[in-house]
Amino acid sequence: AECLNFAMVFSVPNYACQRRTTLENHNAVLTDALSLLAENAELEDEDGRGVAFRRAAAVLKALPKPVTSLTQLRGLPCLGEHSLRVIQDVLETGSSSEAESTKQSERFKALKVLTGIFGVGPKTAAWWIRHGINTLHQLRASGHTLNRAQQAGLEHYDGVNRPVTKAEADAIGEIVETAVTSVLPGAQVTLTGGFRRGKLTGHDVDFLITHPEEGREEGLMPKVVSWLESQGFLLYQKTTRNSYLESKDGPARPASNMDRFERCFSIFKLDACGRQPALSQADEEPKPWRAVRVDLVVSPISQFAFALLGWTGSKLFERELRRWAGYEKTMSLSSHALYDNKQSRYLKATSEEEIFAHLGLEYVPPSERNA
Ligand code: ATP
Ligand code: MN
Ligand code: MN
């Protein structure tokens, strides 16, 4: 009976891809603080620090109970000195003073507002801030030249920054399905990204498109985009063609985690369809539609399982899968293929389950990849 008084000590495997991380989070106050510090590091273009905080947050997301004392965390992976200091602060005072002061800082606020513009990354935002631009108003007044993506991002700022609901994602899904099957009967559309992991809202909607006959998917994206455009569904789109075969990256090893599929980053115009349209400004007429960010990717069927795994996320789960493959298995994983560097050959797969098996990992379903 005495033992019941001892706080439980947790144990968590090293890599996020070895863990089952559902959306149920028993340590949201801790993970919110660490995620905010991760976001800040990313906004400051310090990705290494960002990943460290994201890994620490992911370990806490995987715990079956709330943490009540630091001693419970002894021996857990990925908890560096800095993250432990943040955790200690939250456990002792109820909040993280570093996260709170970051949230209040003018620089964080400005970086967040400016990178909220579709097409604006941390470097551009930092450059604008150095030139005295901290708000959308100042940006509009500055006369700085914006590229096409940024112009659309500024114009549809409110819509793009409002969370997308599952119902809206499903409505977009029907439109994409209609577009795809109109231009190529038999082609298949799969919802990926956060919604495939069971999230209730997202910052965008992600779709993967393929056709069961290899090669039939070639050139599909421009046709889908033309169809969508002709029906007035697109406020903005930028299509990039497939560059996988001509890439010089080597086996399954793109230079970054960017893959080389034919893809389209877009902003959809979604009709309100019964939904109460939100007022963006008090003096404005409510719009009968809203802007939604949508990502479309086309994959040949031979790479479909890899593309599905790569586009389902979470981003940290993906990063951990690639780290596991490289460090523990001497393999290279991308959204196109899995290459075994010891056997010097590609390992084929027609399902996500097969890829996990090749990697020597227990299968983790999408709803448990929320690291
Ligand atoms: P959210 O709800 O915020 O959209 P999400 O998990 O869907 O969350 P996304 O940014 O839409 O996040 O990314 C979905 C998946 O697509 C992630 O696993 C990510 O690794 C992958 N992905 C995103 N952009 C690219 C890209 N340019 N190249 C390759 N993969 C990408
Ligand atoms: Mn997404
Ligand atoms: Mn996306």
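Cut-offs and rules
Residues numbered from 1 in each chain as written. Chains lettered and ligands numbered in written order. Predicted model: local features only at pLDDT ≥ 70, side-chain atom pairs only at ≥ 80, totals over all residues. Heavy atoms only, no water. Pairing = 2+ DSSP bridges. Helix = DSSP H or I, 4+ residues; strand = E, 2+ residues; numbered from the N terminus. Axes fitted to C-alpha atoms, helices over the stretch in contact; angles between N-to-C directions. Contact = heavy atoms within 4.5 Å. Donors = N, O, S within 2.8 Å, 3.2 Å for Na, K, Ca; no water. Buried < 20%, exposed > 50% of the residue type's maximum accessible area, 1.4 Å probe, protein only. Phe/Tyr/Trp six-rings, centres within 6.5 Å; stacked < 30°, edge-to-face > 60°. Lys NZ or Arg CZ within 6 Å of the ring centre and 35° of its normal. Salt bridge = Lys/Arg side-chain N within 4 Å of Asp/Glu carboxyl O. Core = buried A, V, L, I, M, F, W, Y, C linked by side-chain atoms within 4.5 Å. Domains from an automatic or database assignment.

Asks: Would you explain the sheet that holds strand β5 (residues 234-240) in this entry?
Replies: Note on sheets: strands pair through backbone hydrogen bonds, and any given pair is parallel or antiparallel. Pairing within the open sheet is mixed, and its five strands lie in the order β2-β4-β7-β6-β5. Whereas interior strands pair on both sides, the edge strands pair on one side only; in this sheet they are β2 (188-191) and β5. Each adjacent strand pair in this sheet contributes to an overall mean axis angle of 25°, direction not counted. For β5 and strand β6 (residues 262-271), the ladder comprises six bridges, and the chain directions are antiparallel. Directly across from leucine 234, in β6, lies its bridge partner phenylalanine 268. Packed onto the sheet, helix α8 (residues 148-155) meets β5 and β6 and runs at close to 150° relative to β5.

Asks: What is the right way to look at the coordination of the manganese ion (ligand 2) in this model?
Replies: Ideal geometry at a metal centre: 109.5 degrees between donors when four sit tetrahedrally, and 90 or 180 degrees when six sit octahedrally. Taken together, Asp204 (OD) and Asp206 (OD) make up the full set of protein donors to the manganese ion (ligand 2), lying 2.0 to 2.1 Å away. Separation of the manganese ion (ligand 2) from the manganese ion (ligand 3) amounts to 3.6 Å, with aspartate 204 serving as a shared donor to the pair. Relative accessible area serves as the criterion here: at 9%, aspartate 206 is assigned to the buried category.

Asks: Quick question: what am I supposed to make of the packing of aromatic side chains here?
Replies: Each aromatic ring pair is specified by the distance between its two centres and by the angle formed by the two planes. This structure, assessed with the given rule, holds six aromatic pairs. Ring centres 5.5 Å apart and planes at 75° place the aromatic pair phenylalanine 118 and tyrosine 236 in the edge-to-face group. A residue pair is termed long-range when its members are at least 10 positions apart, and phenylalanine 118 in the loop between α5 (106-115) and α6 (122-130) and tyrosine 236 in strand β5 qualify at 118 residues. Relative to tyrosine 363, the ring of phenylalanine 356 lies with its centre 5.2 Å away and its plane at 85°, an arrangement referred to as edge-to-face. Assessed through its relative accessible area of 0%, phenylalanine 356 is described here as buried. Over the face of the ring belonging to tryptophan 289 we find lysine 287, whose NZ or CZ atom lies 5.3 Å from the ring centre.

Asks: Would you mind going over the coordination of the manganese ion (ligand 3) with me for this structure?
Replies: Only Asp204 (OD), Asp206 (OD) and Asp295 (OD) from the protein coordinate the manganese ion (ligand 3), and they sit 2.1 to 2.2 Å from it. Between consecutive donors of the manganese ion (ligand 3), the numbers of intervening residues give the motif D-x1-D-x88-D.

Asks: Help me understand the sheet that holds strand β10 (residues 345-346) in this model?
Replies: Strand order across the open sheet formed by three strands is β8-β9-β10, with antiparallel pairing between neighbours. Each end of this open sheet is capped by a strand with a single partner; those strands are β8 (331-333) and β10. Pairing of β8 with strand β9 (residues 338-340) involves three bridges; the strand directions are antiparallel. Within the sheet, the bridge partner assigned to leucine 333 lies in β9 and is leucine 338.

Asks: Would you mind going over the pattern of salt bridges with me for this structure?
Replies: Two side chains of opposite charge can pair, provided their charged atoms sit close to one another. Applying the stated rule across the entire model yields 18 salt bridges. In this structure, glutamate 368 and arginine 20 form a salt bridge, with 2.3 Å as the shortest nitrogen-oxygen distance. Linking glutamate 368 in the segment after α15 (352-358) with arginine 20 in the segment before α1 (28-43), this pair joins segments that are 348 residues apart in sequence. Given a relative accessible area of 18%, glutamate 368 falls into the buried group. Judged by its relative accessible area of 40%, arginine 20 is partly exposed. Its salt-bridge partner being arginine 107, residue glutamate 44 comes within 2.7 Å of it at the nearest N-O pair.

Asks: Can you help me understand the nonpolar core in this one?
Replies: Across soluble globular proteins, nonpolar side chains show a tendency to be buried alongside one another. With 38 residues, the main nonpolar core has Leu34, Leu60, Leu63, Leu73, Leu76, Ile117 and Trp128 as its most contacted residues. Of all the secondary structure elements, the ones that give two or more residues to this core are α1, α2 (47-61), α3 (81-93), α5, α6 and α7 (136-142). Sort the elements by how many residues they give to this core and α1 lands first, with seven residues. A domain split of this core shows at least three residues from each of domain 1 (16-102) and domain 2 (106-155). Residues in contact with leucine 63, not counting those within four places in the same chain, are Phe10, Val12, His26, Asn27, Leu73 and Leu76.

Asks: Just to check I follow, could you spell out the pairing of strand β4 (residues 205-210) for this structure?
Replies: Moving residue by residue along a regular strand, the side chains alternate between the two faces of the sheet. With six of its six residues buried, β4 lies for the most part within the structure. Burial of β4 is two-sided: the residues Val205, Phe207 and Ile209 facing one way and the residues Asp206, Leu208 and Thr210 facing the other way are all buried. With four bridges connecting them, β2 and β4 associate as antiparallel partners. Note that in β4 the partner of valine 189 across the bridge is isoleucine 209. Of the pairings in the sheet, the one linking β4 to strand β7 (residues 289-298) comprises five bridges and is parallel in character. If you follow valine 205 over to β7, its bridge partner there is valine 294.

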